[in-house]
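# Descriptive analysis of the structure
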Amino acid sequence: MKKALIVTAVIAILAMAAIVVYLLMDNRSLEQEKLEMQELAELDKQEMENDYERLSLQYSEMMTQINNDSIIAQLTQEQLRTQQLLQELKNVKASDAREIARLKKELATVREVLRSYIRQVDSLNQVNQSLMRENESVKDQLAQSNVANEGLRLEKQNLTEKVAIAAQLDATGIQMSLLNKRQKVAKKIKDCKTIQVNFNITRNVTAENGNRILYVRIQTPAGQVLTAGTFPYENRRLEYSMKKVVEYAGEEISVQTYWQVGEYLEAGQYRVSIFADGNMIGSKTFTFE
């Protein structure tokens, strides 16, 4: 009888030890998932900071290439606003989703303002080119005109580089919906059979027309990605959930993508990120019960 009690006690101790080890390993797994989610948020914030810095630099370069005092004053004001927003972004935590979303919206506005100035400066350059062509008919000004033309060529080259930044696509109106087996909106995530992600690619007359590959990345509350494949992003490969090819002609278009659920989905926050042309063009977080 005494031997049986000893065996029972040993078994109980081993079981408790196994439970403690399991809880420790599970806690480490959760901490790792949190670190991965924080890393992606920091990556998103760093990319926004880089965009703000590039846009501020473009304003400086444009001001050195024009002689219109009125436009220079406007560019200076917009550059100061861009720098102020950059400082606000540097001071905010990557985990502050609401503030990050506001500054991302401001970034889209700054980019659109830059596009308008690029078009305005380009229009002035076209006028200057017309005047230069007239001056070429005067022989005694031929040498001076050739120098001016070379300057315009370099200026056009610089503007082309600026347009590449302004031509980046933007994804807005991002929506994530859970559909049940009847393709109706599911009230609870356990009833979800299909995930639908809708968004709009905004109008951008400076963007190149043609087919574009859009990647949609859905990250679960546990930090895992619903994976259908990978795509290149900043010298590495990221997992994506859905991929869609669209024909873009500069006007706003609506895009719908679907994920057929074949795994367990837990309640919590889901992050949707959209990529195109090697850039993250939009992201949003959704909470489901």
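Above this text is the structure in question.
If you're wondering where the values come from, they're calculated on a predicted model, not measured in any experiment.

On to the sheet that holds strand β1 (residues 171-179), then. Sheet strands pair via backbone hydrogen bonds, and the direction of the pair is either parallel or antiparallel. The sheet built from three strands is open, its strands ordered β1-β2-β7 with antiparallel pairing. Edge positions in the open sheet fall to β1 and β7 (253-260), since each of these has one partner strand only. In this sheet, neighbouring strand axes are inclined to one another by 15° on average, regardless of whether the strands run parallel or antiparallel. Summarising the sheet, β1 and strand β2 (residues 194-201) pair through seven bridges and their orientation is antiparallel. Bridge assignment links Leu179 to a residue of β2, and that residue is Thr194.

Here we come to the layout of surface pockets. Roughly 1,000 Å³ of internal volume is contained in the largest pocket. In terms of lining residues, the largest pocket is bounded by 38 residues, among which Ile100, Ala101, Lys104, Ser283 and Lys284 are the most central. Broken down by secondary-structure element, the contributors of at least two residues to the lining of the largest pocket are α1 (2-63), α3 (97-135), β1, β8 (268-276) and β9 (279-288). The element best represented in the lining of the largest pocket is α3, accounting for ten residues.

Here we come to the nonpolar core. Met176, Ile195, Val197, Phe199, Ile201, Ile218 and Val272 are the most contacted members of the largest nonpolar core, which totals 31 residues. Of all the elements in the fold, those that place two or more residues in this core are β1, β2, β3 (210-219), β6 (242-248), β7, β8 and β9. Among residues more than four places away in sequence, those in contact with Ile195 are Met176, Ser177, Leu178, Ile218, Leu226, Thr257, Tyr258, Trp259, Val261 and Leu265. Counting 24 residues, the second largest nonpolar core, distinct from the first, contains Tyr59, Met63, Val92 and Ile118.

In this structure, Glu234 takes a positive phi of about 50° despite not being glycine. Residue placement: Glu234 occurs in the loop between β4 (229-233) and β5 (236-240). On the basis of relative accessibility, which here comes to 43%, the residue Glu234 falls in the partly exposed class. If you check the backbone angles, Asp277 has positive phi at about 55° while not being a glycine. Relative to the elements of secondary structure, Asp277 occurs in the loop between β8 and β9.

Now for the environment of Gln196. For Gln196, the position within the fold is in strand β2. Since its relative accessible area comes to 15%, Gln196 is described here as buried. Measuring from C-alpha to C-alpha, the distance between Gln196 and Tyr258 comes to 4.6 Å, with 62 residues separating the pair along the chain. Apart from residues no more than four positions distant in its own chain, Gln196 is found in contact with Gln175, Met176, Ser177, Leu179, Gln256, Thr257 and Tyr258.

A few words on the pattern of salt bridges. If you walk through the whole model with that rule in mind, you get 13 salt bridges. Arg102 is the partner of Glu99 in a salt bridge, and the nearest nitrogen-oxygen pair spans 2.5 Å. Taken together, the positions of Glu99 and Arg102, both in helix α3 and three residues apart, correspond to about one turn of that helix. By relative accessible area, which is 31% here, Arg102 ends up partly exposed. Note that Asp170 is salt-bridged to Arg111, the shortest N-O span being 3.3 Å. With Asp170 in the loop between α4 (142-166) and β1 and Arg111 in helix α3, the pair connects residues that are 59 residues apart, well separated along the chain. Residues joined in a network through salt bridges with shared partners are Asp51, Arg54, Arg111, Glu112, Arg115, Arg119 and Asp170.

Let us now look at the environment of Gln219. Here Gln219 is to be found in strand β3. Residue classification places Gln219 among the buried positions, given a relative accessible area of 5%. Separated by 22 residues in the primary sequence, Gln219 and Ser241 have C-alpha atoms spaced 8.8 Å apart. Within polar-contact distance, the side chain of Gln219 engages the backbone oxygen of Gly223 at 3.1 Å.

Basis of the calculations
- Residues numbered from 1 in each chain as written.
- Predicted model: local features only at pLDDT ≥ 70, side-chain atom pairs only at ≥ 80, totals over all residues.
- Heavy atoms only, no water.
- Pairing = 2+ DSSP bridges.
- Helix = DSSP H or I, 4+ residues; strand = E, 2+ residues; numbered from the N terminus.
- Axes fitted to C-alpha atoms, helices over the stretch in contact; angles between N-to-C directions.
- 1 Å grid on protein atoms, 1.4 Å probe; cavity = no way out; pocket = protein on both sides within 12 Å on 5 of 7 lines; lining within 4 Å.
- Points joined across faces, edges and corners; volume = space filled by probe spheres on them.
- Core = buried A, V, L, I, M, F, W, Y, C linked by side-chain atoms within 4.5 Å.
- Buried < 20%, exposed > 50% of the residue type's maximum accessible area, 1.4 Å probe, protein only.
- Contact = heavy atoms within 4.5 Å.
- Salt bridge = Lys/Arg side-chain N within 4 Å of Asp/Glu carboxyl O.
- Polar contact = N/O pair within 3.5 Å; in protein donor to acceptor, adjacent residues only side chain to side chain.

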